[in-house]
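Chains, contacts and geometry: an overview
Okay, here's what each chain looks like letter by letter:
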Amino acid sequence: MFGIIVGTHGLFAKELLKSCEMICGEQKNVRAVTLVPGEGPDDVVKKYEEAIKELDCDGGVLFLNDLFGGSPYNAACRLVAANDKYGIVTGVNLPMLIEMTSTQLMDDGSDIQALMAKAVEAGKNGTQTFHASQLAEEEEDDL
């Protein structure tokens with residue numbers, strides 16, 4: 001099984017995990033790691049290392065970060081550079097996290113790069129648009 005660590009600025013990671021659990025139930029192999037004011041990348045690395053100790057990471061660790069280049073991302077890079085079973089995806093959102101926790105349950109033995117690609121696809125597919133003009137287009141299509 002692979003572990004999932006959601007690492008973000010502020011409390012976003014904790015709240016995102018709570019929202020995921022509201023929809024999918026308790027997540028035992030996922031941890032939220034936060035960067036709060038007064039902390040830096042070294043603090044986040046320590047939090048990541050603690051989370052990894054708590055998780056089943058035989059299949060690797062997928063870090064889902066909020067921003068490319070931010071401190072949570074930079075801290076994850078330190079760990080990913082030393083372990084080829086670890087990977088990072090930035091731009092974490094709720095559809096991405098839900099998809100990855102579902103994938104985790106199926107545990108098909110995918111390597112970290114396949115998991116990363118799946119996370120990116122889920123994040124993109126979770127971004128949709130709606131405008132009232134679309135209703136008129138649908139009505140015209142039904143005629």
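Please refer to the structure higher up on the page.
Report on the accompanying structure.

Scoring rules and cut-offs
As a convention, each chain's residues are numbered from 1 in the sequence order in which they are written. In view of the model being predicted, local features appear only for residues whose pLDDT reaches at least 70, and side-chain atom pairs are presented and counted only at 80 or more, with totals across whole chains, interfaces and linings using the full set of residues. Water and hydrogen atoms play no part in the side-chain values, which are based on all heavy atoms of the structure. Strand pairing is defined by DSSP finding a minimum of two bridges between the two strands. Helical segments are the DSSP runs of H or I of at least four residues, strand segments are the runs of E of at least two, and each set is numbered from the N terminus. Each axis is a line fitted through C-alpha atoms, taken for helices only over the stretch in contact, and angles between the N-to-C directions span 0 to 180 degrees. Should any heavy atoms of two residues lie within 4.5 Å, those residues are counted as being in contact. Pairing of aromatic side chains requires ring centres within 6.5 Å, counting the rings of Phe and Tyr and the six-membered ring of Trp. Pairs whose planes differ by under 30 degrees are stacked, by over 60 edge-to-face, and all others tilted. Under the scheme applied here, a residue whose accessible area is under 20% of the maximum for its type counts as buried, over 50% as exposed, and between as partly exposed, the area being computed with a 1.4 Å probe on protein chains only. Definition used in this section: a nonpolar core is a set of buried Ala, Val, Leu, Ile, Met, Phe, Trp, Tyr and Cys residues joined via side-chain atoms within 4.5 Å.

**Quick notes on the sheet that holds strand β3 (residues 61-65)**
Within a beta sheet, neighbouring strands are joined by backbone hydrogen bonds and run either parallel or antiparallel to one another. Spatially, four strands are ordered β2-β1-β3-β4 in an open sheet, and the strand pairing comes out parallel. What marks the edges here is a single partner per strand, and that holds for β2 (30-35) and β4 (86-90). Each strand of the sheet is rotated relative to its neighbour by a mean of 20 degrees, with strand direction disregarded. Examined bridge by bridge, strand β1 (residues 3-9) and β3 share five bridges and lie parallel to one another. From the neighbouring strand, V6 faces β3, where its bridge partner is L64. Sheet contacts for helix α2 (residues 41-54): β1, β2, β3 and β4; angle to β2, the most-contacted strand, approximately 170 degrees.

**Quick word on the packing of aromatic side chains**
Applying the stated rule across the entire model yields three aromatic pairs. Between Y48 and F63 the ring centres are 4.9 Å apart and the planes differ by 65 degrees, which places this aromatic pair in the edge-to-face class. Note that Y48 is positioned in helix α2 and F63 in strand β3, a separation of 15 residues in sequence. With respect to class, Y48 is no different from F63; both count as buried. Measuring from ring centre to ring centre gives 6.1 Å for F63 and Y86, while their planes differ by 65 degrees; the resulting arrangement is edge-to-face. Here F63 is found in strand β3, whereas its partner Y86 is found in strand β4, with 23 residues between them in sequence. Here F63 matches Y86 in class, with each residue buried. Grouping aromatic residues by their ring pairs yields a cluster made of Y48, F63 and Y86.

**Things to note about the nonpolar core**
Formed by 19 residues in total, the largest nonpolar core has its most connected members in I5, Y48, I52, V61, F63, L79 and Y86. At the level of secondary structure, the elements contributing two or more residues to this core comprise β2, α2, β3, α3 (71-80) and β4. For Y86, the contacting residues outside a window of four places in its chain are I52, G60, V61, F63, L79, V80 and I112. Listed in part, the 18 residues of the second largest apolar core include L16, L17, V92 and M96.

**Focus on the side chain of N93**
Here N93 lies in the loop between β4 and α4 (94-106). Contacts of N93, omitting those with residues within four sequence positions, involve L16, G123 and T127.

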